[in-house]
Structures are given as structure tokens and as C-alpha cells.
Amino acid sequence: MSLEEDRPAAKPGPADTANAAWGGRFAGGPSAIMQEINVSIGFDRALWRQDIRGSLAHAHMLQAVGILSASDHAAIRDGLESIAADIEAGRFVFETALEDIHMNIEARLAERIGEAGKRLHTARSRNDQVATDLRLWVRDAIDAIDAQLRSLMTGLAQRAASHAADPMPGFTHLQTAQPVTFGHHLLAYVEMLSRDRGRLADARRRLNECPLGSAALAGTSFPIDRRMTASLLGFDRPTQNSLDAVSDRDFALEYLSALSILAVHLSRLAEEIVTWCSTPFGFVRLSDAFTTGSSIMPQKRNPDAAELTRAKTGRIVGGLVGLLTVMKGLPLAYAKDMQEDKEPVFQATEAASLCLAATEGMVRDLEARTDRMAALAGAGYATATDLADWLVRVLKLPFRTAHHVTGRLVGRAEARGVDLSALTLDEMQAEEPGITDAVFAVLSVDASVASRTSEGGTAPANVAAQASSWLAILATQTRTKETGA
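In this text the structure is predicted, and so the values were computed from the model without any measurement.

Rules used in this analysis
- Residues numbered from 1 in each chain as written.
- Predicted model: local features only at pLDDT ≥ 70, side-chain atom pairs only at ≥ 80, totals over all residues.
- Heavy atoms only, no water.
- Helix = DSSP H or I, 4+ residues; strand = E, 2+ residues; numbered from the N terminus.
- Rg over C-alpha atoms; globule rule 2.2 N^0.38 Å.
- Buried < 20%, exposed > 50% of the residue type's maximum accessible area, 1.4 Å probe, protein only.
- Contact = heavy atoms within 4.5 Å.
- Areas by Shrake-Rupley, 256 points an atom, 1.4 Å probe, with all protein chains shown as cover.
- Lys, Arg positive; Asp, Glu negative; His and termini not counted.
- Charge placed at Lys NZ, Arg CZ, Asp CG, Glu CD.
- Pairing = 2+ DSSP bridges.
- Phe/Tyr/Trp six-rings, centres within 6.5 Å; stacked < 30°, edge-to-face > 60°.
- Lys NZ or Arg CZ within 6 Å of the ring centre and 35° of its normal.
- Core = buried A, V, L, I, M, F, W, Y, C linked by side-chain atoms within 4.5 Å.
- Axes fitted to C-alpha atoms, helices over the stretch in contact; angles between N-to-C directions.
- Parallel < 35°, antiparallel > 145°, perpendicular 65-115°, else oblique.
- Left-handed = near helix turned anticlockwise from the far one by under 90°.
- Nonpolar A, V, L, I, M, F, W, Y, C, P; charged D, E, K, R; others polar.
- pLDDT = per-residue confidence, 0-100.
- Expected span 1.5 Å × (residues − 1).
- Polar contact = N/O pair within 3.5 Å; in protein donor to acceptor, adjacent residues only side chain to side chain.
- Arc of directions from axis to C-beta.

**Student:** Which residues make up the overall build of the chain, and what values do they have?
**Tutor:** Within the chain, the regular secondary structure consists of 20 helices and 6 strands. For 485 residues, the compact-globule estimate of 2.2 N^0.38 gives 23 Å, and the C-alpha radius of gyration of the chain, at 30 Å, exceeds that figure by more than 25%. For the chain, the spread of C-alpha atoms along the principal axes amounts to about 100 × 55 × 40 Å. Among the 485 residues that make up the chain, the fraction classed as buried is 46%. Contacts in the chain between residues far apart in sequence, at least 24 positions, make up 73% of those at least 6 positions apart. On the chain, roughly 22500 Å² of surface is accessible, and the fraction owed to carbon and sulfur atoms is 54%. Side-chain charges of the chain comprise 50 positive and 60 negative groups, with the mean position of each set lying 1 Å from the other.

This is the structure in C-alpha cells:
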């Protein structure tokens, strides 16, 4: 089910004409406007699982410390579980008049179990309740996004292993620079996504404190056990300042920031897939599963999945900027402005999850045209640096001198319209007499990539080892997550 629900419209009033500035839907006057701007059940219903989970923990704690009787606790527990079953089955009717998810569930609970249901809200406020719900939701979202990231990284590492020795052009400024291997290029994204996972894990660790018990802003006079509630909900500890607890949305901002960087990484890969699919490049081919055709040009195969992944970055980054703007001027503690914290989080999460799924699908689907990559890997005098390095290593020339000699040789090759390897020895010696025919051994693409053996370099042996290492790490992490160890 989509995280973004349609907001219920306010009921129009009886008037046939309305203030043109607001439109017919606000014909009921200011009260209708207030209802429309104030209500949040249209989107915060996505928190229902977390709200019920928090209420169950709160009720358990209240009974344990003697604030709730055992019979009231049992009735609350059974009532909340029945409400959860109804929402899951689609039988629960959300009431706009009750404003939000918290009041919808609490009101329905009181209807079902009577006075006991009205005792649930003892020693808490909607302020600490919503802060707890959203932390739980973001924590669950991070775990789900992390699983998708592991799967995508696995797909990339598998493709990298199979293309560890396949050369392609490496670019800077989108100009041919030096040959690399396709596997090496794909592993660059594995590294990026690994850092994304690290940022999300850091955000999860910092958010894992429980606001429940902070009440409206000052704490509560009831003898509650906040550490019990925190433990029941899987938090590491309670929050330590009640004002901060109800007004903090750092965790949502940090989460959106991590998602934004992730979206930028996915967008960069999407852009490369778009470029690689284009006719002038022709490096990869996507199947019909991830492309669309043209309404008038039958030959077209458009990489729309990649283009939309690239575009949805705007939604995710926009969510971060929007929430930063909401929070920037708020005094402590809670203000209604903070109702605007949920939609950007929900929408960015949905967009990021969809983009991760699309990206993994494309990575696993794409057909690498290694012959085309290899043909262009040496274009644009891509082995010029290898020639300069040979002059330094063999003839002991200073690098700057070698750089100038190589530049002059590239000029000669350009004038003749040939590759460096097509220059004669005499032509080379005209620029540097010490050059021998041994230089031709370093001017091939295969020799170039094989020579880059420094740690992190593109040598096929390096790439194969790194891909194997990542696959082993990811497999271990996946098994650990599955077993809960």
C-alpha cells in the first residue's frame, strides 16, 4: 500500500457561492478552512502500527507500576489488538473530525472497551506520543532501506566480478581519460552505497532514544518507568530532556539527509545508464522490462526507469529542504508546525525505496556490450599516461618532462590521425632519443589496466579480489539479519 494516502476533503457548506480566493470546497466558512489545515489523519494514518505498538508498551508500563489495574490493562491490550486487526483488514474507518491517528485509535478504543480505554492516555501527551511514533517509523524505514541497499550492492558486486577484466573508457569531465574495467566502475557505486548504509546506521543509532514519558513538555508527576517503556519498544534508553524530546526532529532531518545523499548516488548511476544506453556510447542495453518505446519512432528504446530514478532525487532532496525550513525558527517546545514533519519523511522514503528497486532491477537486467566498451577504451589517447609513466620509470625523466614529451607525441599522433601505438619508433625518438621499442608494450589497453595494481586500482586482479570481498561481507550481513544474530 502506498504510504501517501489521499487526504479527505472538508465537507462543503450549504452556500452556493464561496469566496473565490478559497474555492467552493471552503464554502462552509472559516471553520472548514480550519479543519482542512488542521487535520492530519489523511497522512499520519501511516503511523498506525507504531502508534499501537507505543500504546501497548505504555499500557504495560502503567500496569507494572500500579497506575493501571490488571483488568484495565488486559482490556486495553485486547482492544488495541482488535483495532490493529481491523486496520490491517481495511475495516477501520478513519474519522477526519478526530484529526489524527492518535485520537482515531484512542476514540475507537474507548468505544469498544469503555472507561478503561480512557485511562490509556494517563502520563503521556500527543506530543511525546507522536515523537515516539515517528521515531519508530523512521527506525523501521531505515531497516527496510538498508535491506534494499544490501541487495543492490550484492547485484553490483556480482556484475563487477563477472566484468573484472573487461576494459572500458574511464572519464574525467566526461572526456576519455584512462582505461578502467567495467567491474571497477561498478564497484565505485558499491563503495558509495556502503557509505550511505553507514550514514543510515549512524542516524538509527542516534534516534534510538524513547520520548514517551516526556508528556507535553515538562515530564509527568506520575511514578512511571520510562526505562521499561524504552526497553519494550527496542530503544536503547529514554530521552534525557523532556523539552528536547517533544520538539526534536533532528532524527527526521538526519534521515532525510542520508536519503538525499543516497538519492544523489542513485541519480549519478542512473545518469550513467542513460548515457551508456545512448547510441553514440552503446555500452549497455536494457530489456523491455526497464525501457519504453516512442509513440511515433518505432526504433526508440528509452531508459525511462533510469530517467525517473534520476528525477525523483528532487522529491527526496525537496523533503529535506522542506523540513529544514519548517524547523528553522521554532521555539521550544512543540508547535503545530511540526505536523508538517511526516509527509516529507513518508514521501521521501517511498521514492527512495522505489528508486532502489528500479536501480537493482536495471543492474541485474542490463546487458554489457563489452566489445563496444573495449573498442573505445583506448580512444582519445587513453594510454598517454602510461607512456608518461614509462618515460619516468624506464628513462628516469622527471614527470613534468615526461608529461611534455608525451604531449608532443600525442600532437604528432593527432596530426596523422592515428593512435599512439601507431607512431613509429623514429617518430618517438625524434621527441625523446632514449625511447626504445619496449615502449609499445605499455601502450595497449590491456597492459594499461593490468598495470594499475596499486591498492584500489583498476587492475583486473584487484577488481576480482575486491568484488569477492564485498560479496562475502554482504552475504554474512544478510545471514546475520535473517537469523537475528
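The structure having been displayed, the exposition proceeds.
**Student:** Report on the side chain of Ser40, specifying residues and quantitative values.
**Tutor:** Considering the arrangement of structural elements, one finds Ser40 in the loop between α1 (30-38) and α2 (41-44). Relative accessible area serves as the criterion here: at 3%, Ser40 is assigned to the buried category. Setting aside anything within four residues of it in sequence, one finds Ser40 in contact with Glu99, Asp100 and Gln339.

**Student:** Any details on the environment of His121? Residues and values, ideally.
**Tutor:** Mapped onto the secondary structure, His121 falls in the loop between α6 (115-118) and α7 (126-162). Classification of His121 by relative accessible area gives partly exposed; the value is 23%. Not counting residues within four places of it along the chain, the set of residues in contact with His121 comprises Glu106, Arg126 and Gln129.

**Student:** For the pairing of strand β1 (residues 167-172), give the residues involved together with the corresponding values.
**Tutor:** Alignment of β1 against strand β2 (residues 175-181), held across 6 bridges, turns out to be antiparallel. Opposite Phe171, over in β2, you have Thr176 as the bridge partner. Linking β1 back to β2 in an antiparallel pair, the connection comprises 2 residues, with His173 at a positive phi of about 60°.

**Student:** Account for the packing of aromatic side chains, with residues named and values stated.
**Tutor:** By the definition in use, this model includes 5 aromatic pairs. On the basis of an interplanar angle of 55° and a centroid distance of 4.9 Å, the ring pair of Phe92 and Phe94 is categorised as tilted. When the centroid spacing of 4.7 Å and the interplanar angle of 55° are considered together, the rings of Trp137 and Phe346 count as tilted. With Trp137 in helix α7 and Phe346 in helix α14 (residues 342-365), this pair connects stretches of sequence that are 209 residues apart. Across the pair, exposure class does not vary: Trp137 and Phe346 are buried alike. Cation over ring: Arg108 sits above Phe92, and NZ or CZ is 4.1 Å from the ring centre. The residue whose ring lies beneath Arg139 is Phe235, and the NZ or CZ to ring-centre distance is 4.8 Å.

**Student:** Which residues make up the nonpolar core, and what values do they have?
**Tutor:** Among the nonpolar cores identified, the biggest contains 90 residues, and Val138, Ile145, Leu156, Phe182, Tyr255 and Leu259 are the most heavily contacted of them. If you tally residues by element for this core, the top one is helix α11 (residues 250-277), at 15 residues. When sequence neighbours within four positions are dropped, the list of residues in contact with Leu156 reads Leu186, Tyr189, Val190, Leu193, Leu269 and Val363.

**Student:** Can you break down the packing of helix α3 (residues 48-64) against helix α5 (residues 101-113) residue by residue, with the values?
**Tutor:** The contact between α3 and α5 brings their axes to 10 Å, and the two run at 55°. When the axis of α3 is compared with that of α5, the two are oblique. Viewed along their axes, α3 and α5 form a crossing whose handedness is right-handed. Across the interface between the two elements, Trp48, Asp51 and Ile52 from α3 touch Ile101, His102 and Ile105 from α5. Classifying every residue of the contact of α3 with α5 by side-chain character gives 4 nonpolar, 1 polar and 1 charged.

**Student:** Any chance you could break down the confidence of the model for the chain for me, citing the residues and the numbers?
**Tutor:** On average, residues of the chain carry a pLDDT of 91, and 92% of them reach 70 or more. Here residues 1-22 is modelled with pLDDT under 50, and outside its nearest four sequence neighbours on either side it reaches 37 contacts, counting other chains as well.

**Student:** Lay out α5 with the relevant residues and their values.
**Tutor:** Its 13 residues place the ends of α5 18 Å apart at the C-alpha level, agreeing with the 18 Å of an ideal helix rising 1.5 Å per residue. Every buried residue belonging to α5 is among Ile101, His102, Asn104, Ile105, Glu106, Arg108, Leu109 and Ala110, and all of these are buried. Of the surrounding secondary structure, the elements contacted by the buried residues of α5 are α2, α3, α4 (70-89), α6 and α7. Between a side-chain oxygen at the N-terminus of α5 and the backbone nitrogen of His102 the separation is 3.1 Å; the capping residue is Asp100. Backbone geometry just downstream of α5 places Gly114 in the positive-phi region, at approximately 80°.

**Student:** Go over the side chain of His102 with me, naming the residues and quoting the values.
**Tutor:** With respect to the element layout, His102 can be found in helix α5. Given the relative accessible area of 3%, His102 is considered buried. A distance of 2.7 Å separates the side chain of His102 from the side chain of Asp51, its partner in a polar contact. Ignoring sequence-local partners within four residues, the contact set of His102 consists of Asp51, Arg126, Gln129, Val130 and Asp133.

**Student:** Quick one: what's the story with helix α12 (residues 304-311), residue by residue and with numbers?
**Tutor:** Where α12 is concerned, the buried positions are Ala305, Ala306 and Thr309. Buried residues along α12 cover an arc of 100° about the axis, so they all sit on one side. Opposite the buried face of α12, by more than 90 degrees, sit the exposed residues Leu308 and Ala311.

**Student:** Which residues make up the environment of Val363, and what values do they have?
**Tutor:** Residue position: Val363 is located in helix α14. Through-space distance from the C-alpha of Val363 to that of Leu269 is 9.7 Å; in sequence the pair is 94 residues apart. Setting aside anything within four residues of it in sequence, one finds Val363 in contact with Leu152, Gly155, Leu156, Arg159 and Leu269.

**Student:** So what's going on with unusual backbone geometry? Residues and values would help.
**Tutor:** A cis amide bond links Leu332 with the next residue in sequence, Ala333, at an omega value of 10°. A positive phi angle, close to 60°, is found at Leu174, a residue other than glycine. Note that Leu174 resides in the loop between β1 and β2. The class of Leu174 is exposed, set by a relative accessible area of 57%. For Ala215, which is not glycine, the phi torsion reads 60° and is therefore positive. Here Ala215 shows up in the loop between β3 (209-210) and α9 (226-232).

**Student:** Now, about the environment of Val418: what can you tell me, with residues and values included?
**Tutor:** Of note, Val418 is situated in the loop between α17 (399-416) and α18 (425-431). Along the chain, Val418 and Tyr381 lie 37 residues apart, while their C-alpha atoms are 9.3 Å from each other.

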